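# Observations on the model geometry
Next come the chains, spelled out residue by residue.
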Amino acid sequence: MTTGDERQQQVIERARVVLPEDDRVLGVYLVGSYGTGEADRFSDVDVHCVVTDESLPWFEVNWAGVLRSLTGPTVLTDRVPGLVGGLGITSDWLHVDLFCHARGSFDRFQYDGVRVLFDRDGTLFPDGDIERKGGRSGEPYWPQGPVNLFFYFLGNLVTVLGRDERIVGSQGVGAVRDQLIALMLAERGVRRTGGAKRLNAFLSDEQRAALEAIPPAGSEPADIIAANRYMCREFIRRGTALATQTGEQWPAELVDATLAHLRRHFGEDFG
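Described in the following lines is the structure provided in the data block. Quantities reported herein were computed from a predicted structural model and do not represent experimental measurements. (Residues numbered from 1 in each chain as written. Predicted model: local features only at pLDDT ≥ 70, side-chain atom pairs only at ≥ 80, totals over all residues. Heavy atoms only, no water.)

## Here we look at the packing of helix 4 (residues 144-155) against helix 8 (residues 221-246)
Where helix 4 contacts helix 8, the axes come no closer than 11 Å and their chain directions differ by 150°. Comparing the axis directions of helix 4 and helix 8 gives the class roughly antiparallel. The two elements helix 4 and helix 8 meet at a crossing, and its hand is left-handed. Facing Pro 146, Val 147, Phe 150, Phe 151 and Leu 154 of helix 4, the residues of helix 8 in contact are Asn 228, Met 231, Cys 232, Phe 235 and Ile 236. (Axes fitted to C-alpha atoms, helices over the stretch in contact; angles between N-to-C directions. Helix = DSSP H or I, 4+ residues; strand = E, 2+ residues; numbered from the N terminus. Parallel < 35°, antiparallel > 145°, perpendicular 65-115°, else oblique. Left-handed = near helix turned anticlockwise from the far one by under 90°. Contact = heavy atoms within 4.5 Å.)

Structural data, given as structure tokens:
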């Protein structure tokens, strides 16, 4: 009896067998649908590796070849910016992602659902597979990266609209919103990893309502500004509360500088 995902299962088996043959590979695991047990015949395969710190630069250059050792020939490989690895597409449109992580910075707790294929010394996933929480809340944490990016993106609104780049401004609303979503997940202690087309289960009803209330932004500068102003106020309200809750430092200087920058150019208070 066929299941319809035989091609995906072949890739998974090769990841389990082939990748550990390289001594620099310390762990191999699946996230996404195959990590949570929710895969179907349409699912892509998300393969992740933990590698030695000193070998990460090699994998940064050669990740596509490693991916093809699992899939065979590809018609597309495309690196994901900011990460070591990317996606591959085969001629029959099998989609496989491969990403590598340095041992020194690896954090197994960032994943919501993991299937472990290989753990060389048993320390990466000492308890084995990680069960998907499906959005169940955990311990709130401080998302330093998204906090910094939020105010960086927000401050760049001056440059974008100053140049009358309305399309870029409209696209930027999504980038700013993504950082607000990351903050909301941190509020709930949810470390979401995959399922880019699944978000509802990770948010509370209140959070979803707040996101759905973001003013629509087309190409009019006033609408773009209104959407960003709403998100800024929401982010500051939530972020200051989360910083207090987690005992972390709210980046007051960055926030104040960004708000003053926006006020000077737009004549409006974003805070």
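## Things to note about the sheet that holds strand 4 (residues 84-89)
In spatial order, the strands read 3-4-5-2-1-6; together these six strands make up an open sheet with mixed pairing. Edge strands, defined here as strands with exactly one partner in the open sheet, are strand 3 (76-79) and strand 6 (115-119). Between one strand axis and the next, the sheet turns through 15° on average, direction left out of account. With six bridges joining them, strand 1 (residues 25-31) and strand 2 (residues 45-51) adopt antiparallel strand pairing. By the bridge assignment, Val 25 is partnered in strand 2 with Val 51. (Pairing = 2+ DSSP bridges.)

## Brief notes about the state of the cysteines
Under the criterion given, the structure shown has zero disulfides. With no disulfide of its own, Cys 49 has Cys 100 as its nearest cysteine by sulfur position, at a separation of 4.8 Å. (Disulfide = S-S within 2.5 Å.)

## Digging into the pattern of salt bridges
A full pass over the atoms with the stated rule returns 14 salt bridges. The partner of Arg 79 in a salt bridge is Glu 60, with the nearest N and O atoms 2.8 Å apart. One end of the pair, Arg 79, is in strand 3; the other, Glu 60, is in helix 3 (residues 56-71), and 19 residues separate them in sequence. Note that Arg 237 is salt-bridged to Glu 206, the shortest N-O span being 3.9 Å. Of this pair, Arg 237 sits in helix 8 while Glu 206 sits in helix 7 (residues 205-212), and the two are 31 residues apart along the sequence. Of the residues examined, Arg 237 reaches a relative accessible area of 47% and is grouped as partly exposed. When salt bridges with common partners are traced through the structure, they connect Glu 187, Glu 206, Glu 234, Arg 237 and Arg 238 into a single cluster. (Salt bridge = Lys/Arg side-chain N within 4 Å of Asp/Glu carboxyl O. Buried < 20%, exposed > 50% of the residue type's maximum accessible area, 1.4 Å probe, protein only.)

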